[in-house]
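Chain by chain, the residues run as shown.
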Amino acid sequence: MTGLGNVLAIVAPHVGGRAAGAGLATVLPGEARVTVVESADEDPAALREAHVVITALAPVTAGHLGAAPELALVQCASHGFDYVDVAAARERGIPVCTIGSSGAEAQNVAEQTFALMLALAKQLVPAHLALTEADWALPRLQRSITELSGKTLGIVGLGQIGQQVARRAAAFDMTVVYAGRRRVPPETEALLGGARHVPLDELLRTADYVTLHAPLTEETRHLLDARRLALLKPTAFVVNTARGALIDQDALADALERGALAGAGIDVFDPEPPTPALRLLKSPNVVLSPHVAGVTRETLVRIALAAVRNVSSFLAGEAPRDVVNRP
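This one's a predicted model, so the numbers in the text were calculated from it and none came from an experiment. (Residues numbered from 1 in each chain as written. Predicted model: local features only at pLDDT ≥ 70, side-chain atom pairs only at ≥ 80, totals over all residues. Heavy atoms only, no water.)

Trainee: Would you mind going over the sheet that holds strand β11 (residues 263-266) with me for this structure?
Mentor: In sheet architecture, strand pairing relies on hydrogen bonds along the backbone and comes in two forms, parallel and antiparallel. Spatially, seven strands are ordered β8-β7-β6-β9-β10-β11-β12 in an open sheet, and the strand pairing comes out parallel. One side of each edge strand has no neighbouring strand; the edge strands of this open sheet are β8 (196-197) and β12 (286-288). In terms of strand pairing, strand β6 (residues 152-156) meets strand β7 (residues 175-179) through five bridges, oriented parallel. By the bridge assignment for β7, T152 is matched with T175. (Pairing = 2+ DSSP bridges. Helix = DSSP H or I, 4+ residues; strand = E, 2+ residues; numbered from the N terminus.)

Trainee: How should the packing of helix α6 (residues 106-121) against helix α9 (residues 160-171) be read in this particular structure?
Mentor: The description of two packed helices rests on the angle between their axes and on the distance between the axes. Closest axis-to-axis distance for the α6/α9 pair is 8 Å, and the angle between their directions is 50°. Looking at the two axes, α6 sits oblique to α9. When you trace α6 past α9, the crossing you get is right-handed. Contact with α6, carried on its side by A106, Q107, V109, A110, E111, T113 and F114, involves Q160, I161, Q164, V165, R168 and A169 of α9 and no other residues of that element. Split by residue class, the contact of α6 with α9 holds seven nonpolar, four polar and two charged. (Axes fitted to C-alpha atoms, helices over the stretch in contact; angles between N-to-C directions. Parallel < 35°, antiparallel > 145°, perpendicular 65-115°, else oblique. Left-handed = near helix turned anticlockwise from the far one by under 90°. Contact = heavy atoms within 4.5 Å. Nonpolar A, V, L, I, M, F, W, Y, C, P; charged D, E, K, R; others polar.)

Trainee: Please clarify how the nonpolar core should be interpreted in this entry.
Mentor: One broad trend across soluble globular proteins is that nonpolar side chains are buried collectively. Judged by nonpolar contacts, the single largest core of 34 residues is most densely connected at L203, L204, V210, L229, L232, L252 and L261. Looking at this core, the elements that each hand over two or more residues are β7, α11 (200-206), β9 (209-212), α13 (249-258) and β11. Here this core takes five residues from α13, the largest share from any one element. Contact partners of L203, with chain neighbours within four places excluded, come to G154, I155, V156, V177, Y178, A179, V198 and V210. (Core = buried A, V, L, I, M, F, W, Y, C linked by side-chain atoms within 4.5 Å. Buried < 20%, exposed > 50% of the residue type's maximum accessible area, 1.4 Å probe, protein only.)

Trainee: Sorry, what's going on with α6 here?
Mentor: Owing to its 3.6 residues per turn, the α-helix brings residues three or four apart onto one side. Here α6 contains 16 residues, and its C-alpha end-to-end distance of 22 Å stays within 8% of the 22 Å for a straight helix at 1.5 Å per residue. Counting buried residues along α6, twelve of its 16 residues qualify, which places the element largely inside the surrounding structure. Among the residues trailing α6, Q123 stands out with phi positive, at a value near 55°. (Expected span 1.5 Å × (residues − 1).)

Trainee: What is the right way to read unusual backbone geometry from this model?
Mentor: Trans peptide bonds make up most of the peptide bonds, and negative phi angles are found at most residues other than glycine. Note the cis peptide between D270 and P271, where omega equals 0°. When you line up the elements, P271 lands in the loop between β11 and β12. Non-glycine residue D173 carries a positive phi angle of around 60°. Looking at the secondary structure, you find D173 in the loop between α9 and β7. Taking the relative accessible area as the measure of exposure, D173 reaches 55% and is therefore exposed. At H222, a position not held by glycine, the phi torsion is positive, near 55°. By the element assignment, H222 lies in the loop between β9 and α12 (226-229).

Trainee: Looking at this model, I keep getting lost on the sheet that holds strand β5 (residues 96-97). Mind explaining?
Mentor: Strand order in the open sheet formed by five strands is β2-β1-β3-β4-β5, and the pairing between neighbours is parallel. Every other strand in the sheet has two partners, leaving β2 (33-37) and β5 as the edge strands with one partner each. In this sheet, β5 lies alongside strand β4 (residues 73-76) in parallel orientation, the contact comprising two bridges. Note on β5: the bridge partner recorded for V74 is V96. Contacts from helix α14 (residues 297-315) reach β1 (6-11), β3 (52-56), β4 and β5, with the element oriented near 165° to β4.

Trainee: Honestly, the pairing of strand β10 (residues 237-240) in this entry has me stumped. Any pointers?
Mentor: On any regular strand, side chains alternate: one points to one face of the sheet, the next to the other face. Burial along β10 is two-sided: F237 and V239 and V238 and N240, pointing in opposite directions, are all buried. With four bridges joining them, β9 and β10 adopt parallel strand pairing. Paired with V210 across the two strands is V238, which belongs to β10. Inspection of the sheet shows β10 paired to β11 by four bridges, in the parallel sense. Paired with F237 across the two strands is G263, which belongs to β11. Chirality of the crossover, the property in question, places the unit of β10, α13 and β11 among those that are right-handed. (Right-handed = clockwise from strand over helix to strand, strands pointing away.)

It is worth stressing that arrangement in space is one thing and function is another; only the former is reported here.
Set out below in structure tokens:
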């Protein structure tokens, strides 16, 4: 140990709260003193004394950082980090880390992406609801039931999760195009079924399915706004398992209500949980799930272990991994 041993684990209620965080004390080094809360405001003394904060989708604001004079590390138990004031942490010299390189969430997020795509393509939700009402909906639905095979999948963000999605797309005989700040090496593109790097607007114009796997930053907030949504074909579907605010939710609802899009599969919302006023909850041709991508039993174990490994290494004096706010 380096003399840094107070760990504050903040697990938001909508992802399990204290019950989900209870096991952290059993896997961190024995010398660590772990306090589990559901909000950074819940235990001011623990925040004030914390050397490390582990947060699972719970906000860590500039005010929280200012109230933690001993803080040396913020560890996000996720690939995303938008719920932490990264700029304020940088100003205070506090590294903010994710579990990005672990790939802990990649498998299930990719599976959930395809679950939503298949549900949209096969009209599973309206078919199920119709049958529960004794409505044999085949004549009505068969005009809109389609295949994934032969379609173009546009992946926005070809990181670890995006690459897992691309691998599955190749198995479905889909053509993959992707957009992002960087092109992956040609050999990686070849392994992903010949994935092709294109500008975002071109991806939106050509894709039959668009799936988002980018981090939420000030640059990517409302990445799909009204202008970009208008570039999509009326037969296209949008899937979001990354962060709700990557899409202008009102603009997406507008497009769905006008019939300008074939449908949307949404696992993430802004805010979470969504308010009853969210128009997407009642928009046509949507499949919704409550941020379940990345929360299978297996995934939660991998996430916790990845976060704990980074924190344990840091407490032992090693440099942290997956720092998102380097100077």
